[in-house]
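# Working through the structure, step by step
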Amino acid sequence: MGKHIKSALFATAFALASGAANASEITVSLPGDIRSIDFGVNRDANTDTVLHHIVEALVAYRNDLSVGPMLAESWEVSEDGRSYTFTLRKGAVFHNGEPVTAREVKWSWDRLLDKNTGFLCRSWFKGGSLGIDITSIEVLDDRHVRFTLDEPNGLFLTRMAHKVCLSGIVHPDSVGEGGKLEKLIATGPFTLGEHRKGQYVRLDRFDGYVPLDTPRDGYSGSRETFVDSVRFLVTPDAAAAKTALLAGDIDVLPRLDLSTLAEVEGTEGLSVQTVATPEWEVLMMQNTDPLLSDRRLRQAIGHAIDIDALTAGATNGLGKPNPSAVPRASSYFGPAFAEGLGYDPDKAKALLAEAGYDGRPLKLVTNATYPFDNIAAIAIQSMLQQAGINVELDVLDWASQYAAYKEGKFQMMVMGFSARSDPTLMMNVVVGDKVSRGNAIVDALEIVELVNQSGVATDPETRADLFRKAHSLIVEDASVIGLFNPARAVGLNAGVEGFELWPLESPRLWGVRTSGE
């Protein structure tokens, strides 16, 4: 669709794509090829983006990061909080035309929980961290299946809906004799049409798909599909992808470089959408360091940082300041989570005097790979120096920074964490026992226990109260200073209608039309 003035760079790919794109095909840039069709086993972000159009889990994330229906149209939780009974979506069929029943759901989950499958997130459901342990899966009748847990756990549905560890339901004929997934006979609105390694993945509309009768809401709700096909075009080079968008060779360009928004918006026939994501940028300080073990010094550093100004500078004014691990897109977010130490240079200087800070330098680790990290670190260095704190930047390559983070070998570090839909999961990234986890930053026992309790609790109000208490103590502890939720952008051909960027930002091509349809 669109102008489709083919550049030389993309000529080969389009030629191999059985002629030019037609009026009901949308082309989406994909920065790398998919790793496999084996969802949850051999995956990365590109693989997840594509396979979520083919494979469905029982539940999925909504726009507010809560959990909504998908292949299950509803569910009931037992009074003791241990059993979840799911009702399957009426009319749901596999890509081979056979009806979806509770038997295939049980078979799919038994396969995922089998150690031999290699499901990357098996430990999330079998006694791993934060305590979920599925003890039985029962087929009640064709449309009802019951999952029972060893103990109640507030993260069960959240983890079942997780974007990364897709707990998809597939037909048993998808698996070969050796138990390996050989093809995808799933339930999503698209089927896998053609995969040309290193070039493109084409998905075809599944005409037998029966959507939910609720509006599209994140990955949940209706997945009614209006285009005949979607082509994910592998375009590793960001500059080449932007050129292709400008030329009309690509209709949707996710993760558009924020510095190019004005150029793209100023081009006739193109538009831009932006969204603040649940990713979280933070400043981490080692409370075991001889200098930083003094909480007054850590709090002084927090008071010296103007988070609003830092966020505006690092994100072109599109990100959202956020001192808490609760993303602004979350249904749990409220005024209490917007409260941090606050920008107060005079208080910072008073705390420095109380702590007896003598100007000894502090080393702040960052990298040159990720602009949010690098720009934020430079801004923090400048703000701390204005408060009288001597900071030296240590710019590492990403691999070296990540290794230092994993081992906890740094004084101060700026880093962004990928999106976690649930506050417990994001808090758990920085809160923990330093003896067993080298990358735990906040280790106060009271905070660790609050975060653990928030993962087990099932009542939303109880969880919200635990999150508020944990956030307040994390702010006071000041080993982690929350900075902002970054923004992401997508560039669009004006002929694409119905596309909406959402907080988890992965492109959704259901509910999307091409102009003239």
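Read on for a plain summary of the structure. (Residues numbered from 1 in each chain as written. Predicted model: local features only at pLDDT ≥ 70, side-chain atom pairs only at ≥ 80, totals over all residues. Heavy atoms only, no water.)

Turning to the pairing of strand β18 (residues 480-485), a few remarks are in order. When you tally the buried positions in β18, you get 6 out of 6 residues, the bulk of the element. Examined bridge by bridge, strand β13 (residues 280-285) and β18 share 4 bridges and lie antiparallel to one another. From the neighbouring strand, E281 faces β18, where its bridge partner is F484. (Buried < 20%, exposed > 50% of the residue type's maximum accessible area, 1.4 Å probe, protein only. Helix = DSSP H or I, 4+ residues; strand = E, 2+ residues; numbered from the N terminus. Pairing = 2+ DSSP bridges.)

Turning next to the state of the cysteines. The tally for this structure, following the rule as stated, stands at 1 disulfide. Residue pairing for C121: its cysteine sulfur links by disulfide to C165, the two sulfurs lying 1.5 Å apart. Its S-S torsion of approximately 45 degrees makes the covalent link between C121 and C165 right-handed. A residue pair is termed long-range when its members are at least 10 positions apart, and C121 in the loop between α3 (102-113) and α4 (122-125) and C165 in the loop between α5 (156-160) and β8 (190-196) qualify at 44 residues. According to the relative accessible area criterion, C121 is buried, its value standing at 5%. (Disulfide = S-S within 2.5 Å.)

What follows is about the sheet that holds strand β15 (residues 362-367). Across the sheet, which stays open at both edges, the 6 strands sit in the order β14-β18-β13-β17-β15-β16 with mixed pairing between neighbours. For this open sheet the edge positions go to β14 (320-321) and β16 (391-396), each flanked by a neighbour on one side alone. Against the sheet, helix α8 (residues 295-304) contacts β13, β15, β17 (412-417) and β18, and its axis sits at roughly 145 degrees relative to β13. (Contact = heavy atoms within 4.5 Å. Axes fitted to C-alpha atoms, helices over the stretch in contact; angles between N-to-C directions.)

Charged atoms that come close allow side chains of opposite charge to pair. Under the counting rule described, the total for this entry stands at 27 salt bridges. Of the charged contacts in the structure, one is a salt bridge between E56 and R89, with a shortest N-O distance of 3.2 Å. With E56 in the loop between α2 (45-51) and β2 (59-61) and R89 in the loop between β5 (83-88) and α3, this pair connects stretches of sequence that are 33 residues apart. Classification of E56 as buried rests on a relative accessible area of 1%. Ionic pairing is found between K469 and D465, a salt bridge with its closest N-O pair at 3.2 Å. (Salt bridge = Lys/Arg side-chain N within 4 Å of Asp/Glu carboxyl O.)

With respect to the helices, strands and loops of the structure, T191 is situated in strand β8. With 13 residues separating them along the chain, T191 and D204 place their C-alpha atoms 5.3 Å apart. Those residues in contact with T191 that sit more than four places away from it in its chain are I54, H95, R202, L203, D204 and F206.

What follows concerns the pairing of strand β7 (residues 144-149). Pairing geometry for β5 and β7, over 5 bridges, is antiparallel. Each bridged residue has a counterpart across the sheet, and for F86 the counterpart in β7 is V145. Here strand β6 (residues 134-141) runs beside β7; their pairing, made up of 6 bridges, is antiparallel. In the sheet register, V139 faces β7, and the bridge partner there is V145. Connecting the antiparallel pair β6 and β7 is a turn made up of 2 residues.

Bringing the side chain of S220 into the picture now. Note on placement: S220 falls in the loop between β9 (200-205) and β10 (229-234). Here P69 takes part through its backbone oxygen, which lies 2.6 Å from a polar atom of the side chain of S220. Beyond its immediate stretch of four places on either side in the chain, S220 contacts A60, Y61, R62, G68, P69, M70 and P215. (Polar contact = N/O pair within 3.5 Å; in protein donor to acceptor, adjacent residues only side chain to side chain.)

Strand order in the open sheet made by the 4 strands is β4-β5-β7-β6, with antiparallel pairing throughout. Among the strands making up the open sheet, the edge pair consists of β4 (72-77) and β6. Taken over all neighbouring pairs, the strand axes of this sheet differ in orientation by 20 degrees on average, direction set aside. With 5 bridges joining them, β4 and β5 adopt antiparallel strand pairing. Residue pairing in the sheet places S74 in a bridge with T87 of β5. The sheet strands contacting α3 are β5, β6 and β7, and the helix crosses β6 at an angle near 165 degrees.

Right, let's get into the environment of S136. Along the chain, S136 falls in strand β6. Separated by 13 residues in sequence, S136 and L149 place their C-alpha atoms 7.2 Å apart. Contact partners of S136, with chain neighbours within four places excluded, come to R146, F147 and T148.

Attention now moves to the nonpolar core. In this structure, L58, F86, W109, F147 and F156 are the most contacted members of the largest nonpolar core, which totals 79 residues. No other element matches the 5 residues that α3 contributes to this core. Excluding its chain neighbours within four sequence positions, the residues that come into contact with F156 are Y84, F86, F125, I132, I134, F147 and L149. Core analysis: the next-biggest nonpolar cluster, separate from the first, contains 47 residues, L261, A304, L364 and A377 among them. (Core = buried A, V, L, I, M, F, W, Y, C linked by side-chain atoms within 4.5 Å.)

Moving on to helix α6 (residues 238-247). An α-helix turns once per 3.6 residues; consequently, residues spaced three or four apart project the same way. Looking at α6, one finds that the buried residues are A240, A241, K242, A244, L245 and A247. Sitting at the head of α6, D237 places a side-chain oxygen 3.1 Å from the backbone nitrogen of A239. Directly after α6, the chain includes G248, whose backbone phi takes a positive value near 85 degrees.

Geometrically, a pair of aromatic rings is defined through the distance of the ring centres and the angle of the planes. Going through the model one piece at a time under the given rule, you end up with 16 aromatic pairs. Look at F147 and F156: their rings are 6.1 Å apart centre to centre, the planes differ by 50 degrees, and that puts the pair in the tilted class. Given the relative accessible area of 0%, F147 is considered buried. The exposure class of F156 is buried, given its relative accessible area of 0%. Pairing F333 with F337 gives two aromatic rings, centres 6.3 Å apart and planes at 35 degrees, and the pair type is tilted. For F337, a relative accessible area of 2% corresponds to the buried category. Taken together, the ring pairs in this structure connect W75, Y84, F86, W109, F125, F147 and F156 into an aromatic cluster. Sitting over the face of the ring of W124, R159 holds its NZ or CZ atom 4.6 Å from the ring centroid. (Phe/Tyr/Trp six-rings, centres within 6.5 Å; stacked < 30°, edge-to-face > 60°. Lys NZ or Arg CZ within 6 Å of the ring centre and 35° of its normal.)

Attention now goes to helix α15 (residues 460-477). Its 18 residues give α15 an end-to-end C-alpha distance of 25 Å, which sits within 8% of 26 Å, the value for a rise of 1.5 Å per residue. On its buried face, α15 sits against α8, α13 (423-430), α14 (445-456) and β18. Count one or two residues on from α15 and you reach A478, which has phi positive near 60 degrees. (Expected span 1.5 Å × (residues − 1).)

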